Structure formats: C-alpha cells, structure tokens
Number of protein chains: 2
Amino acid sequence: MSYAIAIIDQLRNKKFRITRLRKALIEELGISKKPLSVEEIIKHLRKRKVIVHKTSVYRQLIFLMEQDEVRKVTFGEKGDRFELTVMHHHHAVCQKCGEVEDLLYLESNIKQMEQTFLKKRFKVERHLVEFLGLCKKCQKEKTKTI
Amino acid sequence: MSYAIAIIDQLRNKKFRITRLRKALIEELGISKKPLSVEEIIKHLRKRKVIVHKTSVYRQLIFLMEQDEVRKVTFGEKGDRFELTVMHHHHAVCQKCGEVEDLLYLESNIKQMEQTFLKKRFKVERHLVEFLGLCKKCQKEKTKTI
DNA sequence: TGACAAATGCAACTCGGTTGCGTTAAAATA
DNA sequence: TATTTTAACGCAACCGAGTTGCATTTGTCA
C-alpha cells in the first residue's frame, strides 16, 4: 500500500504543481522500505526513466519537508536520508550489509519517553532514535563493518 | 568531577604519547556539559592558549574513537559532535538557544528497548537517541528556530 | 494555445571533513 | 642533558554533500 496518491492530492489541493519529479519522488519514497539517500533516489528515478539533477532533488526534498510530507533521518553515515512523514518510524541498521529493519515495536517505548518531557516542559519537535549494529546473518560471517 | 585523568593515564599505559593537544582535548571534553563540535573544540582550546589546526583535532578525535574513549553523536545539524564515551548519555537539544539537557532519566527506557533486540538477535553496537525541540524558556519568546 | 510563475538544469560555490607530505616535539636511551 | 626515533602536528590541497544564482523549461489556468 502506498501513501503517494493521498500526498499528491493534498499538494494539488494546496495549488502546488505536480511535476514529473515531484510525483515520481513521492511515489519512490512511498514504496521504499527504508529512508533513501539522494544518491539512491536519483538511481531509483533513473530506473523509471526520470532523469534529474541532484539540485532538483534537494530542492524538492526541502519543499516536501516544508510541507511536512517528508522528514530527514540520519543513520550516522555521511549523507542524510529521507522518508515520508506518514511512514516515520525507527530503524535497526546493519552496519555490514546495510539491511534496515523497521522498529514498529518500539513506538510504545518512545511514547513513554516523550511523556517524560511533558513533565519537564520541553516541547519535542523531532527525535532521532536509531540503532546500529549487526543483523543475525552478518554476525555469523563477521568481517569489517562499514 | 572530570574523567580526563583516568583516560590520560590509560593512554600512557598503552604507550601512546600525551601531547599538548591530546591532553587539552580530553580535558575539555571531560568538563563540557554537552558534546562539542570541532569548531567549539578549537575555540575552547584557544581560550587556554592551545592553538591547533583543525586537521589535528580531527585526527585526534579519530584516534580517541579508535581507542573507544570518544564517541560521535549527531543532533541533526550540519557537523558532528563528540563526547567522552564514559559520559555517553542522551540529550534534549533546544533548536533555538542550543541549550542541551542530559537525559539521565531515559536510561531505563533505552535499556528496555535494547532488551527487544536480544529477542530479535540484532546485535546493537551503537544507538542514536536525541530529542530536538524547544526548552521552557524559548517556548515563551517564540521566533525562528535554527 | 499563449502567458506566466513555478520548477528545473547547470555551473560555480560553500564548508565539514580528509589526505599527503615535510616539520616538530614527546619520550626512550644513553 | 643531549641524542635519536617516530608519533603527532601544521599546512596546502583536495573531496564530496549540499547550496546558490541565473538562464531555460514546463505545469497550470485563462
């Protein structure tokens, strides 16, 4: 199931243009199981014959973040990664094979932590909760990590 | 209370040289209440008359990370930040005034989350747990965030 | 279909971080 | 304490993710 159609509709209602890039980018993020780097985005788009300049991708991502449709996440690598806001959750990232697992089962823990802030009167706008390590497979064939 | 002396001693025992920069850097990280950026490190060192090139700071931080005495953390900003491993905990970062509060009271939540991974056989090597938002003070005088 | 602003492509740029190499200074030895 | 060795340093040049300015293209609406 993809969230892309709803997002595109919402943007159209807000009178924003639906360009080839904007549409394809939202669709790609909507079907990706993990947050994507700009490099990955360009590669994926190329596969579906949408050839774009990195500048346009960055500007598009900034636009979508302003509309609160996209969020930046970090796995402690060099570059940033991006995901649809509606798909926001947390990840276990294998440092060797790069496999990403969604951590749906942590949501209650995170909610619980955010309760703590209510008491402290700190208004949480954003959180980073990611776990980096080795997946089951890669623990066996242990070599160098990324 | 500073952790610097113990760390320096340990390095000396491992036959590493204790240079002016190495010593001053460990001491600065040891007295800082928050993880520091390289820019901040250079500024702090300058105040105590230790003038160093950014290259040396980066190399020193890489060395200290290899020795597992220092960790890289990210607050979702441009650059990275660094802290002593023994001081590792999590933070609430105000996006306006930059104030950083240690989240000692989250440790039990994080331990709990890591329990989850034991069941999944995912070996956690590192985690990112940071909360970004507005502190009590800045919520009142609300303007632009960083 | 034409007009117009929004979005795009491209070149040049910024800036955090890295690399190569010649120089300096910790610390072991005499 | 002077001498030797080599780890650590400073500097210049570089790398690459992300940004900016501007001319060109394209989505939308009359």
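Residues numbered from 1 in each chain as written. Chains lettered and ligands numbered in written order. Predicted model: local features only at pLDDT ≥ 70, side-chain atom pairs only at ≥ 80, totals over all residues. Heavy atoms only, no water.

Looking at an unreviewed UniProt entry, one finds chain A named Ferric uptake regulation protein and attributed to marine sediment metagenome. The record held by UniProt for chain A lists under Sequence similarities (unreviewed entry) the comment "Belongs to the Fur family." (UniProt positions renumbered as here; feature names shortened; annotations may be inferred.)

Section: the interface of chain B and chain A
Between chain B and chain A, the contact holds 37 residues from the first and 37 residues from the second. Taken as a group, Phe122(B), Leu128(B) and Phe131(B) account for 20% of the area that chain B buries against chain A, more than any other trio of residues on that side. Where chain B touches chain A, the interface holds 2 salt bridges. Where Glu101(A) meets Lys120(B), a salt bridge forms, and the shortest distance between an N and an O atom there is 3.2 Å. Taken together, chain B and chain A are joined by 12 residue pairs in polar contact (both at pLDDT 80 or more). For the side of chain B that touches chain A, the secondary-structure elements that each account for two or more residues are β3 (91-94), α5 (107-120), β5 (123-134) and α6 (136-140) of chain B. Sort the elements by how many residues they give to the side of chain B that touches chain A and β5(B) lands first, with 12 residues. (Contact = heavy atoms within 4.5 Å. Buried area = accessible area lost by both parts, 1.4 Å probe. Salt bridge = Lys/Arg side-chain N within 4 Å of Asp/Glu carboxyl O. Polar contact = N/O pair within 3.5 Å; in protein donor to acceptor, adjacent residues only side chain to side chain. Helix = DSSP H or I, 4+ residues; strand = E, 2+ residues; numbered from the N terminus.)

Structural notes on unusual backbone geometry
Its identity as a non-glycine residue notwithstanding, Lys49(A) has a phi of 65°, on the positive side. Here Lys49(A) lies in the loop between α3 (38-47) and α4 (54-66). The backbone phi angle of Asp68(B) is positive, close to 60°, even though this residue is not glycine. Owing to a relative accessible area of 48%, Asp68(B) belongs among the partly exposed residues under this scheme. (Buried < 20%, exposed > 50% of the residue type's maximum accessible area, 1.4 Å probe, protein only.)

Some remarks on the pairing of strand β3 (residues 91-94) of chain A
Residue and element names in this part refer to chain A. Residues His91 and Val93 of β3 are buried on one face, and the alternating residues Ala92 and Cys94, pointing to the opposite face, are buried as well. Pairing analysis gives 3 bridges linking β3 to strand β4 (residues 100-102), with the strands arranged antiparallel. In the sheet register, Ala92 faces β4, and the bridge partner there is Glu101. The turn linking β3 back onto β4 is made up of 5 residues, and Gly98 within it adopts a positive phi angle of 80°. One ladder, built from 4 bridges, connects β3 with strand β5 (residues 123-134); its direction is parallel. Along β5, the bridge assignment pairs Cys94 with Gly133. (Pairing = 2+ DSSP bridges.)

Brief notes about the domain arrangement of chain A
Interfaces are often described in size by the accessible area the parts lose on coming together. Residue and element names in this part refer to chain A. When cut into domains, chain A gives domain 1 (1-87) and domain 2 (89-146). Contact with domain 1, which involves 9 residues of that partner, is made by 10 residues of domain 2. Together, the buried faces of domain 1 and domain 2 total about 740 Å²; carbon and sulfur atoms form 57% of this surface. On the surface where domain 1 and domain 2 come into contact, there are 0 salt bridges. Between domain 1 and domain 2 we count 1 residue pair in polar contact (both at pLDDT 80 or more) in total. Considering only residue class, the side of domain 1 that touches domain 2 consists of 4 nonpolar, 1 polar and 4 charged. (Domains from an automatic or database assignment. Nonpolar A, V, L, I, M, F, W, Y, C, P; charged D, E, K, R; others polar.)

Description of α4(A)
Residues and elements named next belong to chain A. Its 13 residues place the ends of α4 18 Å apart at the C-alpha level, agreeing with the 18 Å of an ideal helix rising 1.5 Å per residue. For α4, every residue scored as buried is listed here: Val57, Gln60, Leu61, Phe63 and Leu64. Down the axis of α4, the sector holding all buried residues measures 160°, keeping them to one side. What points out from α4, more than 90 degrees from its buried face, is the exposed set Arg59 and Glu66. Among the structural elements, α1 (4-13), α2 (20-31), α3, β1 (70-73) and β2 (81-84) are those in contact with the buried residues of α4. The positive-phi residue at the C-terminal boundary of α4 is Asp68, with phi of around 65°. (Expected span 1.5 Å × (residues − 1). Arc of directions from axis to C-beta.)

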